[in-house]
Amino acid sequence: MTRVSRIAVVLLLAVLSLALTRPAYAATYPTLSTGATGANVTSLQHLLTSRGYSTAADGDFGSGTKAAVQAFQSGAGLGADGIAGPATFGALVSTLRQGDSGPAVQALQVQLVKHGASVTADGAFGPATDSAVRSFQSSAGLGVDGVVGPATWQELLGTGGGGSTPGTTYDSLSEEQKQNARTIIGVGQQAGVPEYGWVVALATAMQESTLINVDYGDRDSLGLFQQRTSQGWGTDAQILDPVLASKAFYGVATHTSNPGLTDISGWQSMTVTQAAQAVQRSAYPDAYAKWESLARDIVAHET
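Looking up the protein in an unreviewed UniProt entry gives the name Peptidoglycan-binding protein, with the organism given as Nocardioides hankookensis.

K.L.:
What's the story with the overall build of the protein in this structure? I'm lost.
P.N.:
Within the protein, the regular secondary structure consists of 13 helices and two strands. Each of the 303 residues in the protein was classed as buried or not, and the buried ones make up 46%. For the protein, contacts bridging at least 24 residues in sequence account for 56% of all contacts bridging at least 6. For the protein, the accessible area works out to roughly 13,500 Å², and carbon and sulfur atoms hold 52% of it.

K.L.:
So what exactly am I meant to see when it comes to the nonpolar core here?
P.N.:
One recurring pattern in soluble globular proteins: nonpolar side chains tend to sit buried together. Of all hydrophobic cores here, the largest spans 40 residues; its most connected members are Ile-184, Leu-202, Tyr-250 and Ile-298. Counting only elements with at least two residues in this core, the list comes to helix 8 (175-190), helix 9 (195-209), helix 11 (242-250), helix 12 (272-280) and helix 13 (292-302). By residue number, the principal contributor to this core is helix 9, which donates nine residues. Discounting chain neighbours no more than four positions away, the residues touching Tyr-250 are Ile-184, Ile-185, Val-187, Gly-188, Val-193, Gly-197, Trp-198, Ala-201, Gly-260, Leu-261 and Thr-262. By size, the runner-up hydrophobic cluster in this structure holds 31 residues, among which are Phe-61, Val-93, Leu-142 and Leu-157.

K.L.:
Just to check I follow, could you spell out the packing of aromatic side chains for this structure?
P.N.:
When we look at a pair of aromatic rings, we describe it by the centre distance and by the angle of the planes. Enumeration according to the criterion identifies five aromatic pairs in this entry. Judged by centre distance (4.8 Å) and plane angle (10°), the ring pair of Phe-225 and Phe-249 falls under stacked. Remark: Phe-249 occurs in helix 11 and Phe-225 occurs in the loop between strand 1 (221-222) and strand 2 (227-228); sequence separation between them is 24 residues. Accessibility classification places Phe-225 together with Phe-249 in one group, the buried group.

K.L.:
Would you mind showing me how to read helix 6 (residues 127-139) here?
P.N.:
With 13 residues, helix 6 should cover 18 Å at 1.5 Å per step; its first-to-last C-alpha distance of 18 Å lies within 8% of that length. Elements that come into contact with the buried residues of helix 6 comprise helix 5 (103-114) and helix 7 (150-158). Two residues or fewer after helix 6 comes Gly-141, characterised by a positive phi angle close to 75°.

K.L.:
Explain helix 2 (residues 39-50) to me, please; I cannot follow it from the model alone.
P.N.:
Because each turn of an α-helix spans 3.6 residues, side chains separated by three or four positions end up pointing in the same direction. The terminal C-alpha atoms of helix 2, which comprises 12 residues, lie 16 Å apart, in line with the 16 Å expected from a rise of 1.5 Å per residue. Within helix 2, 10 of the 12 residues are buried, which leaves it mostly tucked inside the rest of the structure. Along helix 2, the residues that are buried comprise Ala-39, Asn-40, Val-41, Thr-42, Ser-43, Leu-44, Gln-45, His-46, Leu-47 and Leu-48. Of the surrounding secondary structure, the elements contacted by the buried residues of helix 2 are helix 3 (63-75), helix 4 (86-92), helix 5 and helix 7. In the segment just after helix 2, Gly-52 is the residue with positive phi, at about 95°.

K.L.:
I keep staring at the packing of helix 8 against helix 11 and nothing clicks. Help me out?
P.N.:
In helix packing, the relevant descriptors are the interaxial angle and the interaxial distance, both defined with respect to the helix axes. Interhelical geometry of helix 8 versus helix 11 gives an angle of 50° and a closest axis separation of 9 Å. By the angle class used here, helix 8 and helix 11 are oblique. At the point where helix 8 passes helix 11, the crossing takes the right-handed sense. Residues Asn-180, Thr-183, Ile-184, Ile-185, Val-187 and Gly-188 of helix 8 form the contact with helix 11, whose own contacting residues are Pro-242, Val-243, Ser-246, Lys-247 and Tyr-250. Taken together, the residues of the contact of helix 8 with helix 11 break down into six nonpolar, four polar and one charged.

K.L.:
What should I look at first to understand unusual backbone geometry in this one?
P.N.:
Excluding glycine, residues mostly have negative phi values, and the peptide bonds linking residues are mostly trans. One non-glycine residue, Thr-210, lies in positive phi territory at about 55°. Inspection of the secondary structure puts Thr-210 in the loop between helix 9 and strand 1. The phi angle at Gln-226 is positive, at roughly 50°, despite the residue not being glycine. As for its position among the elements, Gln-226 is in the loop between strand 1 and strand 2.

K.L.:
I tried to follow the pattern of salt bridges on my own but got confused; where do I start?
P.N.:
Two side chains that carry opposite charge are able to pair once their charged atoms sit near each other. This structure, assessed with the given rule, holds seven salt bridges. For the salt bridge of Arg-134 with Asp-130, the shortest nitrogen-to-oxygen distance reads 2.9 Å. Of this pair, Arg-134 and Asp-130 are both found in helix 6, four residues apart, which corresponds to roughly one turn of the helix. Judged by its relative accessible area of 32%, Arg-134 falls in the partly exposed class. Here the salt bridges do not stand alone but share partners, grouping Asp-58, Asp-60 and Lys-290 into one network.

K.L.:
Any chance you could explain the side chain of Gln-106 here in plain terms?
P.N.:
Along the chain, the position of Gln-106 falls in helix 5. What makes Gln-106 buried here is its relative accessible area of 7%.

K.L.:
Can you walk me through the environment of Ser-282 in this structure?
P.N.:
When you line up the elements, Ser-282 lands in the loop between helix 12 and helix 13. Considered as a pair, Ser-282 and Glu-208 are 74 residues apart in the sequence and their alpha carbons are 9.4 Å apart. Setting aside residues no more than four positions away along its own chain, Ser-282 makes contact with Glu-208, Gln-277 and Tyr-288.

Conventions and cut-offs
Residues numbered from 1 in each chain as written. Predicted model: local features only at pLDDT ≥ 70, side-chain atom pairs only at ≥ 80, totals over all residues. Heavy atoms only, no water. Helix = DSSP H or I, 4+ residues; strand = E, 2+ residues; numbered from the N terminus. Buried < 20%, exposed > 50% of the residue type's maximum accessible area, 1.4 Å probe, protein only. Contact = heavy atoms within 4.5 Å. Areas by Shrake-Rupley, 256 points an atom, 1.4 Å probe, with all protein chains shown as cover. Core = buried A, V, L, I, M, F, W, Y, C linked by side-chain atoms within 4.5 Å. Phe/Tyr/Trp six-rings, centres within 6.5 Å; stacked < 30°, edge-to-face > 60°. Expected span 1.5 Å × (residues − 1). Axes fitted to C-alpha atoms, helices over the stretch in contact; angles between N-to-C directions. Parallel < 35°, antiparallel > 145°, perpendicular 65-115°, else oblique. Left-handed = near helix turned anticlockwise from the far one by under 90°. Nonpolar A, V, L, I, M, F, W, Y, C, P; charged D, E, K, R; others polar. Salt bridge = Lys/Arg side-chain N within 4 Å of Asp/Glu carboxyl O.

Rendered as structure tokens:
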């Protein structure tokens, strides 16, 4: 065999080796637009929030999400068409690793859950998330380093469907979410708040924090209900106390004079969205209703 022939064989073997070790597909970022739903939309919404464009992470691509996408695209020098395609996702994602925290990590965790991992979307990149990332990288034929860069993001977002939103049934909730739900219900019971009030509170907390007692949010928003110190809901420590935060939402707290649910005239005759919005004064007032079914499911299981 000539030297040229040997080189040709070596090159051929190298090409075959690469073909065998690479995934059978070339994943790319999805394209999402108005009307889309599911885990990919939820991750998009968390990513927008991480970039300073606060967006309700409800898994529904509605007018609010479109406006946030357009605002981000404009600021990033992209065509502001409100459609989140590969270029938009490429600009939104950031490299993440163990020790990071915030909405971008929540976006990652939603994707890991989509692919079957048992992690909580709490925004904290700890050992469990690191282990889930490494497991996913291994199964996807990526370098297993626990670092979530563009290649890992593309594999996460571009595969697995993304048509279901984690945490939409009682059985899909983590133990942390269930415990926070029990606290909200328990505070309501002790304060004599009717069962419908628990449903409103649970739907509100699911929308605001996915029932995770997060220590970050839009501007100075914190906790289960994303209450704000600057809006008179208490100190950071009080807002991050699930019992005190629940009391504040119900309107039975002593640490804040802000009106809560039971201070709202006629709240029991309102829809979940109307009652929640009367307390929260959210920029996304129509978002609470979608959690009513889950809230009632939680009450049924926990009482």
